[in-house]
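# Survey of secondary and tertiary structure
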Amino acid sequence: MKARFSELLGAAQAQNAAVGAFTAYNLETAIGVVRAAARRKRGVILLVSERSFDDVFVGALVAVAERASVPVCVQLDHSVVHRTIEQAFELGAGAVLAAGSKLPFEHNVALVQWAAGHGEVEAELGGIEGDEDIATAVAAGALTDPEEAADFVRQTGAACLAVSIGNVHGTYREPPELDWARLEAIRERVDVPLSLHGASGLTDDHLRRAISLGIAKVNVNTELREQYLRTTELALDRVREGANVLALNSAQSEAVAAVVEAKLAVYDGY
Ligand code: 13P
């Protein structure tokens, strides 16, 4: 069933748990994500990246959400494009990430305020480095300033804030070091749920600690893509006989489901 973004986050926050948010590039991925959530009996967020944004695909993800046995919210990930944000809501997405962190502070505020007039919005403050669709090894960007975060959330009406505490998208160039004191300081000053992007490459202990310090949403993409590709490579020889695309699709969904299930077990472990 389709769920409101803020309901999923609020329920997770109340239980000291986090909602899993996973990027889907096709239906096999989306089906795998929702299957894992159903096995864990937990709600989940299906992310669609801006580069794969397409009316038909977003509509298909919304249909997956509607038919799921657990609460599912579709979210447009990282976008600053007004028309794409509007379209996402028109197509039935429950939330967008209005990703104005590279803009001057006032422009970031204006973007999030505008987007919040159309639906539920996650905002971002501080620079989360790395490409969202193609893994490159990067170092952490500008970290979120706790005082600025409080002011930003007050002004914007964001439903969720993505923090930069040493996390990056894709692959970590150095072993990740998250700034726990900064996360605590942000949590003390900001009421809305906080999200952690770039969770691929973080250990389960990192994730547990982040959740215990107030992270209520965890975004994973790269680890899903890697597992999807590994499984595809391994399955190809086997499925050539009989041109068995059914078996390939099923192996891909199951591979994604296994990664998601393991993550959800960590997020729920409180
Ligand atoms: P990773 O690709 O590093 O898992 O990051 C995913 C993400 O934050 C999507 O917004």
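Residues numbered from 1 in each chain as written. Predicted model: local features only at pLDDT ≥ 70, side-chain atom pairs only at ≥ 80, totals over all residues. Heavy atoms only, no water.

A full pass over the atoms with the stated rule returns 17 salt bridges. Its salt-bridge partner being E120, residue R4 comes within 3.0 Å of it at the nearest N-O pair. One end of the pair, R4, is in the segment before α1 (5–14); the other, E120, is in strand β5 (residues 120–125), and 116 residues separate them in sequence. Judged by relative accessible area, which is 47%, R4 ranks as partly exposed. On the basis of relative accessible area, E120 is assigned to the buried category, the value being 14%. Residue R42 pairs with D268 through a salt bridge whose shortest N-O separation is 3.2 Å. Of this pair, R42 sits in the loop between α2 (27–40) and β2 (44–48) while D268 is found in the segment after α10 (245–267), placing the two residues 226 residues apart along the sequence. (Salt bridge = Lys/Arg side-chain N within 4 Å of Asp/Glu carboxyl O. Helix = DSSP H or I, 4+ residues; strand = E, 2+ residues; numbered from the N terminus. Buried < 20%, exposed > 50% of the residue type's maximum accessible area, 1.4 Å probe, protein only.)

Our focus in this paragraph is α1. For α1, the full list of buried residues reads F5, L8, L9 and A12. Seen along its axis, α1 keeps its buried residues to an arc of 90 degrees; they face one direction. Facing away from the buried side of α1 by over 90 degrees, the exposed positions are E7 and A14. Where α1 terminates, the next one or two residues include N16, which has phi positive at roughly 55 degrees. (Arc of directions from axis to C-beta.)

The next point concerns the nonpolar core. One finds F22, L46, L161, L183 and Y267 to be the most contacted residues of the largest nonpolar core, which totals 72 residues. Looking at this core element by element, the count peaks at seven residues for α10. Sequence-distant contacts of L46, that is, excluding residues within four places in its chain, are made with F22, A24, A30, V33, V34, L61, V64, V72, C73, V74 and Q75. (Core = buried A, V, L, I, M, F, W, Y, C linked by side-chain atoms within 4.5 Å. Contact = heavy atoms within 4.5 Å.)

Helix α7 (residues 180–189) packs onto helix α6 (residues 146–156) with a crossing angle of 30 degrees between their chain directions and a minimal axis gap of 9 Å. In terms of orientation, α6 and α7 fall into the roughly parallel class. Pair α6 / α7 crosses with right-handed handedness. For the pair α6 and α7, contact is made by P146, E147, A149 and A150 and by R182, A185, I186 and R189, respectively. Partitioned by chemical class, the residues of the contact of α6 with α7 number five nonpolar, no polar and three charged. (Axes fitted to C-alpha atoms, helices over the stretch in contact; angles between N-to-C directions. Parallel < 35°, antiparallel > 145°, perpendicular 65-115°, else oblique. Left-handed = near helix turned anticlockwise from the far one by under 90°. Nonpolar A, V, L, I, M, F, W, Y, C, P; charged D, E, K, R; others polar.)

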